[in-house]
Amino acid sequence: MKMSLINENFLELEDSYLFSTIAKKVSKFVEENPDKKVIKLGIGDVTKPIIPACIEAMHKAVDEMGTKEGFRGYGPEQGYDFLRKAIVENDYKARGIQIDEDEVFVSDGAKCDCGNIVDIFAQENIVAITDPVYPVYMDTNVMSGRKITLLPVNTQNNFTPELPKEKVDLIYLCFPNNPTGTVLGKEDLEKWVKYAKENKSVILYDAAYEVFITERGIPHSIYEIEGAKDVAIEFKSFSKTAGFTGLRCGYVIVPKSLNGYTKSGEQVSLNKMWNRRTCTKFNGVSYIVQRAAEAVYSEEGQKQLKENINYYLENARIIKQGLEKAGFTCYGGVNSPYVWLKTPENINSWEFFDKLLNEAAVVGTPGVGFGECGEGYFRLTAFSTKELTEEAIERIIKLFK
Ligand SMILES: *Cc1c(COP(=O)(O)O)cnc(C)c1O
């Protein structure tokens, strides 16, 4: 009898117990301590509502869809021209980077893009991923059976991944980083672009947290590096920037000068391949959502967005400075909504989690949940309110006095 065979690579996936284990521990604590107010600094989701400029744009778009003249059916798979143009003008041209509109592919978010992009690459490719890491890169490549090389980032290398010793073909880099909140300087990024050029590798650059960059000299896009258009694909998202985590919109840049190779060494345009893949498997982001994304770039939109980002950055500052004053070693939190702290007294990530929950009623995320090299670290996020963030930090400090 012929059976339907499964993709056995899925059996190689490690079950991710991280967030379900956290949820279970928190609900048990709440049950046993109904009078305690739990503060959650573990969430990786924004909490501020979508900015008024986007809401207005969506109302208008909804009304248009109800009229004979304004109705839109299937849109272009790659995104409407108005949004691709706004992206090119604001995110690139304004920084002196030349990106063409047909190098922009509007999508329903960076998570899907980071996962789907591997469709156009061979299974034989060796993939480099930092440890700790955003789990999507790892699991996507396990599902398609690729060999993975881990690049440890830690205090010793100042959270800057070192070039791999064996040749790798695909390299995921995410800066500002989730979970560590650290950034990559221009010179470090230049090293990676040079490596990719010499080894004919492709860099998959996740810049989902780009708007949180506050310091000068930190690249906002990999294309600020000379030659990067020949070696890199860039992912961006409106999720953490404009609060689109529920609305869903992002984009990916696949430059036309970026090539992959056939086994016989022939060059093939990755832009053409990704375009073909997109047209076949995707039917575009809704018109209403793309109008909302366009409004992010309006004068009002930019003003409102910056207010929100500054609010989160202020929370990050409260976390980082408060904990540092109390003797903790912290990373991130300056160009990022994430603070990555070294657990005190060498206790492990989960012990620190339990202590914070049980003795301070504060929830964060154990670093080891993002990879083995995250052991001994802990992630706190800036997406709560200022008041709760302040209270949480006070409680943590008291605990370690
Ligand atoms: C949140 C996040 C994204 C964005 O995902 P969306 O699918 O656009 O919501 C991408 N990369 C990283 C590292 C993230 O943390």
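What counts and how
Residues numbered from 1 in each chain as written. Predicted model: local features only at pLDDT ≥ 70, side-chain atom pairs only at ≥ 80, totals over all residues. Heavy atoms only, no water. Helix = DSSP H or I, 4+ residues; strand = E, 2+ residues; numbered from the N terminus. Salt bridge = Lys/Arg side-chain N within 4 Å of Asp/Glu carboxyl O. Buried < 20%, exposed > 50% of the residue type's maximum accessible area, 1.4 Å probe, protein only. Pairing = 2+ DSSP bridges. Core = buried A, V, L, I, M, F, W, Y, C linked by side-chain atoms within 4.5 Å. Domains from an automatic or database assignment. Contact = heavy atoms within 4.5 Å. Phe/Tyr/Trp six-rings, centres within 6.5 Å; stacked < 30°, edge-to-face > 60°. Near = heavy atom within 4 Å. Polar contact = N/O pair within 3.5 Å; in protein donor to acceptor, adjacent residues only side chain to side chain. Areas by Shrake-Rupley, 256 points an atom, 1.4 Å probe, with all protein chains shown as cover. Buried area = accessible area lost by both parts, 1.4 Å probe.

Observations concerning unusual backbone geometry
At step 1: Note that the residue after aspartate 131, namely proline 132, is joined by a cis bond; omega there is 0°.
At step 2: Note that proline 132 resides in the loop between β3 (126-131) and α5 (135-143).
At step 3: Positive phi outside glycine occurs at asparagine 158, with the angle close to 55°.
At step 4: Relative to the helices and strands, asparagine 158 resides in the loop between β4 (147-152) and β5 (170-174).

Some remarks on the pattern of salt bridges
At step 1: Within the structure shown, the criterion is met by 21 salt bridges.
At step 2: The residue lysine 147 makes a salt bridge to glutamate 166 at a minimum N-O spacing of 3.7 Å. Taken together, the residues lysine 147 in strand β4 and glutamate 166 in the loop between β4 and β5 connect sequence positions 19 residues apart.
At step 3: Overall, glutamate 166 belongs to the partly exposed group, its relative accessible area being 35%.
At step 4: The residue glutamate 324 makes a salt bridge to lysine 320 at a minimum N-O spacing of 3.2 Å. One end of the pair is glutamate 324 and the other is lysine 320, both in helix α10 (residues 299-325) and four residues apart, which spans about a single turn.
At step 5: Assessed through its relative accessible area of 16%, lysine 320 is described here as buried.
At step 6: It is possible to trace a salt-bridge network through shared partners that takes in Asp91, Arg95, Glu210 and Lys236.

Some thoughts on the sheet that holds strand β11 (residues 330-332)
At step 1: Pairing is antiparallel across the open sheet formed by four strands, whose spatial order is β11-β12-β15-β14. Pairing within the sheet leaves two strands with one partner each, and these edge strands are β11 and β14 (365-366).
At step 2: Pairing of β11 with strand β12 (residues 338-342) involves three bridges; the strand directions are antiparallel. Its bridge partner being in β12, tyrosine 331 is matched across the sheet by tryptophan 340.

A short note on the pairing of strand β8 (residues 250-253)
At step 1: Burial along β8 is two-sided: Gly250 and Val252 and Tyr251 and Ile253, pointing in opposite directions, are all buried.
At step 2: Relative to β8, strand β2 (residues 104-107) is paired through four bridges, and the arrangement is antiparallel. Across the sheet, residue valine 106 finds its bridge partner in β8, namely tyrosine 251.
At step 3: Relative to β8, strand β7 (residues 232-237) is paired through four bridges, and the arrangement is antiparallel. Residue pairing across strands places lysine 236 opposite tyrosine 251, the latter belonging to β8.

Some thoughts on the nonpolar core
At step 1: Residues Leu83, Ile203, Ile222, Tyr223, Phe238, Phe244 and Cys249 are the most contacted members of the largest nonpolar core, which totals 63 residues.
At step 2: Residues from two domains meet in this core; each of domain 1 (8-49 + 300-399) and domain 2 (52-299) gives at least three.
At step 3: Once residues lying within four places of it in the same chain are set aside, the contact partners of leucine 83 are Val106, Phe238, Cys249, Gln290, Ala293, Glu294 and Tyr297.
At step 4: Judged by nonpolar contacts, the second largest core, of 34 residues, contains Val26, Ile39, Phe353 and Leu357.

Some points on the packing of aromatic side chains
At step 1: On inspection of all chains with the given rule, the structure shows 26 aromatic pairs.
At step 2: Their ring planes at 75° and their centres at 6.5 Å tell us that tyrosine 92 and tyrosine 251 sit as a pair that is edge-to-face. Separated by 159 residues along the polypeptide, tyrosine 92 in helix α3 (residues 81-92) and tyrosine 251 in strand β8 bring together distant segments of the chain.
At step 3: You can call tyrosine 251 buried: its relative accessible area is 1%.
At step 4: Note on tyrosine 209 and phenylalanine 212: the rings are 6.2 Å apart at their centroids and 45° apart in plane angle, and the pair reads as tilted.
At step 5: Classification of phenylalanine 212 as buried rests on a relative accessible area of 0%.
At step 6: Following the ring pairs from residue to residue traces out a cluster consisting of Tyr92, Tyr223, Phe238, Phe244, Tyr251 and Tyr297.

Quick notes on the site of the ligand
At step 1: Lining the immediate environment of the ligand, one finds 14 residues, of which Tyr209, Ser237, Ser239, Lys240 and Arg248 sit closest.
At step 2: One of the side-chain N or O atoms of tyrosine 209 is found 2.6 Å from an oxygen atom in the ligand.
At step 3: At a separation of 2.6 Å, an oxygen atom of the ligand approaches a polar side-chain atom of arginine 248.
At step 4: For the ligand, the protein covers 94% of the area, taking 390 Å² as the surface of the free molecule.

Overview of the domain arrangement of the protein chain
At step 1: What the domain assignment lists for the protein chain is domain 1 (8-49 + 300-399) and domain 2 (52-299).
At step 2: Each of domain 1 and domain 2 was reduced to a C-alpha centroid, and the two centroids are 26 Å apart.
At step 3: Both sides of the domain 1 and domain 2 interface together cover about 3000 Å² of buried area, and 62% of this is carbon and sulfur.
At step 4: The largest contributions to the domain 1 side of the interface with domain 2 come from Asn335, Phe370 and Cys373, which together make up 21% of the buried area.
At step 5: Taken together, domain 1 and domain 2 are joined by zero salt bridges.
At step 6: Linking domain 1 with domain 2 are 19 residue pairs in polar contact (both at pLDDT 80 or more), by the criterion used here.
At step 7: Only α10, β11, β12 and β15 (377-381) provide two or more residues apiece to the side of domain 1 that touches domain 2.

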